[in-house]
Structures are given as structure tokens and as C-alpha cells.
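Spelled out from the first residue to the last, the chains are:
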Amino acid sequence: MHEPRFKGNEKKYLNECIDSGFVSSVGAFVTALEKKAAEYTGAKYAVAAVNGTAAIHIGLHALGVRKDHEVITQAFTFVATGNAISYTGAESIFVDIDPETLGMCPVSLENFLEEHAEVKDGHCYNKTTGKRIAACVPMHTFGFPCQIDKIVSICEKWSLPVLEDSAESLGSYYQEKHTGTFGKIGAISFNGNKIATAGGGGILITNDEETAKYLKHITTTAKIPHAWEYVHDEVAYNYRMPNINAALLLAQFEQMPQFLKEKRAVAEQYQIFFNNLPIHCYRESKNSRSNYWLNAIEFESAIERDLFLKESNEKGVMTRPPWKPLHLLEMFNKCQKTNLKITEDLAKRIVNIPSSSLP
Ligand SMILES: *Cc1c(COP(=O)(O)O)cnc(C)c1O
């Protein structure tokens, strides 16, 4: 659906990295990348991680999510969002999406909180289960920014820290501000199919210095800096991005303006093409700028959609349905959820179409 492109300094930086001998979790490229990512997104701090899933996991840990807590997210997302929540020992709660942005619906979120939540001693609790709701994780689907300002202000009212799953939205902006910088933490993925790739990698962005320091500490085995002693102050993780991945990604970052231009050109051609057909082609909503990572079209019926999937794949054109909504997967089917009408309907009528930039 989206092929990586290596037309910049990739080979040069990879050679430099190998020649330096520093290919693992310490090195100049990781540091340079963190600086670049912070500059690019406008976040004060960026902490590199081994992949996007690990970034979400550790971001939730840093927000204080622990075993037997609950985390609100959307069912319309890649399984990694739900997995990362489960790694902390917390349970997911699913709310519906907004049909315009395909991201978390602020109304559905607010309805859930009004019906089920209460704030006690500065924390949010679920009156139905008695458990603490420790965070909210909206996702910017396919690169389209969700209504993140509304979501953040609702979450503030309910004392819920926000981690933005910005895995798909590097280069996407809401009201001129980069996605991932509205909540306390943003997590971006650099998997091979994302808009920029490290082979595998992720990054956490935040404006909070303490959080940034803690994120770096906990992703590097919580080792207390010392010239030779191995002292670690908690059970932590080996989640730091290797220098060799950072070398590749740094070269990719340099090409982001070009990548975005090329992605937009593809999206514009699709929009023109679908304009006169009874098929809706998703666009960035007003006040937002999408990276157009994956183009998405919506059929009037599930039957037509399935026919299109079958025929296009048989003819050798890769098209894909969206993810099966998480509440329909076995490991998440007992999670608490709101009415997920939009999620269930759109999951049956949307298709992602080839979105690589044109050669
Ligand atoms: C890609 C993706 C992730 C996970 O990122 P990885 O780097 O593959 O671990 C998480 N959430 C969403 C929505 C994604 O698309």
C-alpha cells in the first residue's frame, strides 16, 4: 500500500554508521535523529524507540498506566494500539470514531465518560468497573488528523492524560500544529510501510522535560549514569532505537518535504478520479493537513466494497480492507465499549488503495 523510497543520503549515512562501529543503541545518529524529530514536529523533546508499538507501551507506562487500570481508545485502529495497552496490564475501553476524520469521536468519548466515569482525588475512575481510567489514546487514522483539540479538552476535564497514537501521521497537522504534540505524549512509527522508515523504529515526542528524561531512562534499562557501575533503579526496557536504524531514518527525515509533496499529488489524482463516481474519497478535513499516507475510499454498500476488493486483487492491484475493529478480535472482545455503529459500518465499506508515490 505504501512502498519505502530511498533516494537521499540513506547509503551514505549507513556507511558512516558502520564505519563508526556504533551500530547499536548508542551513537551520533540516534542523538541527531532525536534533535531532527523534535525540530520537525515542533515538540520540545523526542526520544527514539525500537518501534512504534514499544513507543506506545512505554509512553503509557510514563503516563502512569499500570496493571488493572483502563485506557480508552478507538476500536478502529491497528492491533498494535490495543497490544501496547495490554502490555501495561491495563484493559482497553473502545469508543466510536468520527466518520469525517476516521479518528476518535469526541462525542462518543464524552458520552462514555459522562455515563461511566467520575473524578476522585484528581484521578478518573470507571463507576461501572471500579477501576482507574488512566489514559486516553486517540489515533490519527491513515494520516488524517482527528479532532484532537476537542479530545484533549474533554480529557482535561476528566483528568485523563492523552497519548496520541501518531504512528501513521508524521507530517500531518491539525490547525498548523503537528499531530502528537497536543497530548502529553505522541508516539510515531517508522515501520517499513509508514511514510518515513527506519526499517523498524519509533519515536516519542513531548513538551515535558521530566517526561522526556523518564522516557529515555526507561527505554535504556533504567541505568543510572556512571562511568563503569551497572546500577539500575527499576525493572525497565531495552527499547532504544539502534544507531543503524537512526542513520537510515535521518536520511528519510531530510526528504519529508518531498515525500509529502509526492503523497499529496497521488491523493489529488484519486480525488479527481473519484469525484464523479458514487464512491467517497477521503480528504483532509478543514483546519487540518494530512500526510496522505494511505488513501481511503468508501463504497455505498459492503457488497460493492467486497466485490471491489475481490476484483482489484484478482487483477493484481493491491487493495485492502481496514483492520478488523479491535472489539471483534478474540483477545479484546470482552473489553468495555460504547455503541460502535460508525466503526462497524465503515470497517465494512472502506478500502485502502495503493498509495505509494509515483516514480
Ligand atoms: C504502525 C502502527 C503502530 C505500530 O508501529 P510499529 O512501528 O509497527 O510497531 C501502532 N499504531 C498504529 C495505528 C499503526 O499504524
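Residues numbered from 1 in each chain as written. Predicted model: local features only at pLDDT ≥ 70, side-chain atom pairs only at ≥ 80, totals over all residues. Heavy atoms only, no water.

### Points about the site of the ligand
- Gly52, Thr53, Glu168, Ser189 and Lys194 are the nearest of the 16 residues found near the ligand.
- Between the ligand and the protein, one listed contact pairs an oxygen atom with a backbone N or O atom of Gly52 at 2.7 Å.
- Taking Asp165, its side chain carries an N or O atom lying 2.9 Å from a nitrogen atom of the ligand.
- The fraction of the free accessible surface of the ligand (380 Å²) that becomes covered by protein chains is 93%.
- Of all the secondary structure elements, the ones that give two or more residues to the shell around the ligand are α3 (52-62) and α4 (79-87).
- Per element, the largest residue contribution to the shell around the ligand is three residues, and it comes from α3. (Near = heavy atom within 4 Å. Polar contact = N/O pair within 3.5 Å; in protein donor to acceptor, adjacent residues only side chain to side chain. Areas by Shrake-Rupley, 256 points an atom, 1.4 Å probe, with all protein chains shown as cover. Helix = DSSP H or I, 4+ residues; strand = E, 2+ residues; numbered from the N terminus.)

### Thoughts on the pattern of salt bridges
- Inspection of every chain in the model, using the stated rule, returns 13 salt bridges.
- Linking Arg240 and Glu34 is a salt bridge whose minimum nitrogen-to-oxygen distance equals 2.8 Å. Pair noted here: Arg240 is in the loop between α7 (209-219) and α8 (243-254) and Glu34 is in helix α2 (residues 28-41), with a separation of 206 residues, a long-range link. For the pair shown, Arg240 and Glu34 are each scored as buried.
- The partner of Lys35 in a salt bridge is Glu39, and the shortest N-O contact between them spans 3.6 Å. Taken as a pair, Lys35 and Glu39 lie in helix α2 at a separation of four residues, close to a single helical turn. Take Lys35 and Glu39: they sit in the same class, and that class is exposed.
- Three or more residues are tied together by salt bridges with common partners; here these are Glu298, Asp345 and Arg349. (Salt bridge = Lys/Arg side-chain N within 4 Å of Asp/Glu carboxyl O. Buried < 20%, exposed > 50% of the residue type's maximum accessible area, 1.4 Å probe, protein only.)

### Comments concerning the side chain of Arg5
- Note on placement: Arg5 falls in the segment before α1 (10-20).
- A polar contact is formed between the side chain of Arg5 and the side chain of Ser357, at a distance of 2.9 Å.
- If we ignore the near neighbours within four places in the chain, the residues touching Arg5 are Glu10, Gln252, Phe259, Glu262, Ser357, Leu358 and Pro359. (Contact = heavy atoms within 4.5 Å.)

### Examining the sheet that holds strand β15 (residues 336-337)
- Pairing within the open sheet is mixed, and its six strands lie in the order β4-β5-β6-β2-β3-β15. The outermost strands of the open sheet, each flanked by one partner alone, are β4 (117-120) and β15.
- Two strands pair when backbone bridges link them, and strand β5 (residues 123-126) and strand β6 (residues 132-137) are joined in this way by two bridges, in the antiparallel orientation. By the bridge assignment for β6, Tyr125 is matched with Arg132. (Pairing = 2+ DSSP bridges.)

### Side note on the packing of aromatic side chains
- According to the stated counting rule, one finds 14 aromatic pairs in the structure shown.
- Here the aromatic rings of Tyr13 and Phe29 are separated by 5.6 Å at their centres, their planes lie at 40°, and the arrangement is tilted. Taken together, the residues Tyr13 in helix α1 and Phe29 in helix α2 connect sequence positions 16 residues apart.
- On the basis of relative accessible area, Phe29 is assigned to the buried category, the value being 10%.
- Both rings, one in Phe273 and one in Phe274, keep their centres 5.0 Å apart while their planes meet at 85°; by these two values the pair is edge-to-face.
- An aromatic cluster of three or more residues is present, and its members are Tyr40, Phe190 and Phe253.
- In this arrangement the basic side chain of Lys223 is found over the ring face of Tyr230, its NZ or CZ atom lying 5.7 Å from the centre.
- We note Arg289 situated over the ring of Tyr173; from NZ or CZ to the ring centre the distance is 4.7 Å. (Phe/Tyr/Trp six-rings, centres within 6.5 Å; stacked < 30°, edge-to-face > 60°. Lys NZ or Arg CZ within 6 Å of the ring centre and 35° of its normal.)

### Considerations on the domain arrangement of the protein
- Assigned domains of the protein: these are domain 1 (10-254) and domain 2 (256-353).
- For domain 1 and domain 2, the distance between their C-alpha centroids amounts to 24 Å.
- With 48 residues of domain 1 at the interface, the matching set in domain 2 holds 39 residues.
- Here domain 1 packs against domain 2, burying approximately 3,700 Å² in sum over the two surfaces, 65% of which is carbon and sulfur.
- Counting the contacts that link domain 1 with domain 2 gives one salt bridge.
- Across the domain 1-domain 2 interface, the total number found is 19 residue pairs in polar contact (both at pLDDT 80 or more).
- At the level of secondary structure, the elements contributing two or more residues to the side of domain 1 that touches domain 2 comprise α4, β3 (91-95), α5 (106-116), β8 (173-174) and α8.
- For the side of domain 1 that touches domain 2, the leading source of residues is β3, giving five residues. (Domains from an automatic or database assignment. Buried area = accessible area lost by both parts, 1.4 Å probe.)

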